[in-house]
Amino acid sequence: MNMGNKTKIPAVYKEDLQIFLQSINELECIKKRDRICMVCLKTISIENIQLIIPRQNQTFDFVCDNIVCVEEYNHKKGV
Ligand SMILES: [Zn+2]
C-alpha cells in the first residue's frame, strides 16, 4: 500500500523543486513542456506544477496547480 505516496510542492520552493526535478531526470522534460497534467492534460511547467506522483519504472505523473485537478486527483488516488 502506498496511500501517502505523493509529494506536495509548496509554491515558495521553486528552486528546491527544480533541484528535485533534476534529481529524478524530469526537469528537462518539463522545461521542454513534454509533461502534462494527468487530470486536465494541460502542459506542466515549473510555474504550475503542484503534485508529483511516483509511478513504477521511475516514471512520474504530474498534476497542475488547478484546485479542481488537485481535488480530482485526491478523489482518484487509491483506485
Ligand atoms: Zn490540471
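Use the structure listed above.
Residues numbered from 1 in each chain as written. Predicted model: local features only at pLDDT ≥ 70, side-chain atom pairs only at ≥ 80, totals over all residues.

### Details of the overall build of the protein chain
Let me state the cut-off plainly: For the purposes of this entry, the term helix denotes a DSSP run of H or I that reaches at least four residues, the term strand denotes a run of E that reaches at least two, and both are numbered from the N terminus. The burial criterion counts other C-beta atoms lying within 10 Å of a residue's C-beta, which is placed from the backbone; the residue is buried at 20 or more, exposed at 12 or fewer, and partly exposed between these limits. It is the C-beta atoms, placed from the backbone, that decide contacts: two residues are in contact if theirs lie within 7 Å.
Along the protein chain, the regular secondary structure elements total 3 helices and 3 strands. Across the protein chain, helices and strands are ordered from the amino to the carboxyl terminus as β-α-α-β-β-α. In the protein chain, which comprises 79 residues, the share counted as buried stands at 18%. If you take every contact in the protein chain between residues at least 6 apart in sequence, the share linking residues at least 24 apart comes to 42%.

### Brief notes about helix α1 (residues 14-23)
Little of α1 is tucked away: 1 of the 10 residues are buried. Remark: N25 follows α1 within two positions and exhibits a positive phi of approximately 60°.

### Considering unusual backbone geometry
Phi at L41 takes a positive value of approximately 70°, unusual for a residue other than glycine. Tracing the sequence through the fold places L41 in the loop between α2 (27-31) and β2 (49-54). Despite not being glycine, N57 shows a phi value in the positive range, around 60°. When you line up the elements, N57 lands in the loop between β2 and β3 (60-64).

### Quick word on the environment of E71
Along the chain, the position of E71 falls in helix α3 (residues 67-76). Along the backbone, E71 and V39 are 32 residues apart, and their C-alpha atoms lie at a distance of 9.8 Å.

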